[in-house]
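# What the coordinates show
The lines below spell out each chain.
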Amino acid sequence: MTDYTELRSTSVEEWAEALKTSKLRPGPTFGYQMADGSWNCALHLAISSKLTSDAQRLLAAELQQAISDTVNRVLYLTPVSVKIRETGDAS
């Protein structure tokens, strides 16, 4: 189990280096916006390019649903919208 006391912010540079080192590609970003216009959460997903396009899409969709369910359960609020920003080519 993860020890959440060890979690810390990751800089953009660290994120880019981690993607390069792990050979993961940036995937979609999921952002959760509330009725008052505030943002409660955004996640940036990275996926292996070794997965088929179908597997990449399915993984992103399943993770987005799980994340949405968690945001709703933890915050006791339903976001007004989930903004999904795709990266360019999914292949």
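Residues numbered from 1 in each chain as written. Predicted model: local features only at pLDDT ≥ 70, side-chain atom pairs only at ≥ 80, totals over all residues. Heavy atoms only, no water.

## As for the overall build of the chain
Helices and strands together make up the secondary structure of the chain, namely 2 helices and 3 strands. Along the chain, from the amino end to the carboxyl end, the secondary structure elements read α-β-β-α-β. Taken across its 91 residues, the chain has 21% of its residues classed as buried. Put simply, of all contacts in the chain between residues at least 6 apart along the chain, 54% involve residues at least 24 apart. In the form shown here, the chain has an accessible surface area of approximately 6,800 Å², with 58% of it arising from carbon and sulfur atoms. (Helix = DSSP H or I, 4+ residues; strand = E, 2+ residues; numbered from the N terminus. Buried < 20%, exposed > 50% of the residue type's maximum accessible area, 1.4 Å probe, protein only. Contact = heavy atoms within 4.5 Å. Areas by Shrake-Rupley, 256 points an atom, 1.4 Å probe, with all protein chains shown as cover.)

## Examining the confidence of the model for the chain
Averaged over all residues, the pLDDT of the chain is 80; the fraction at 70 or higher stands at 76%. Averaged over each element, pLDDT in the chain is lowest for strand E3 (residues 81–85) (65) and highest for helix H2 (residues 53–75) (90). (pLDDT = per-residue confidence, 0-100.)

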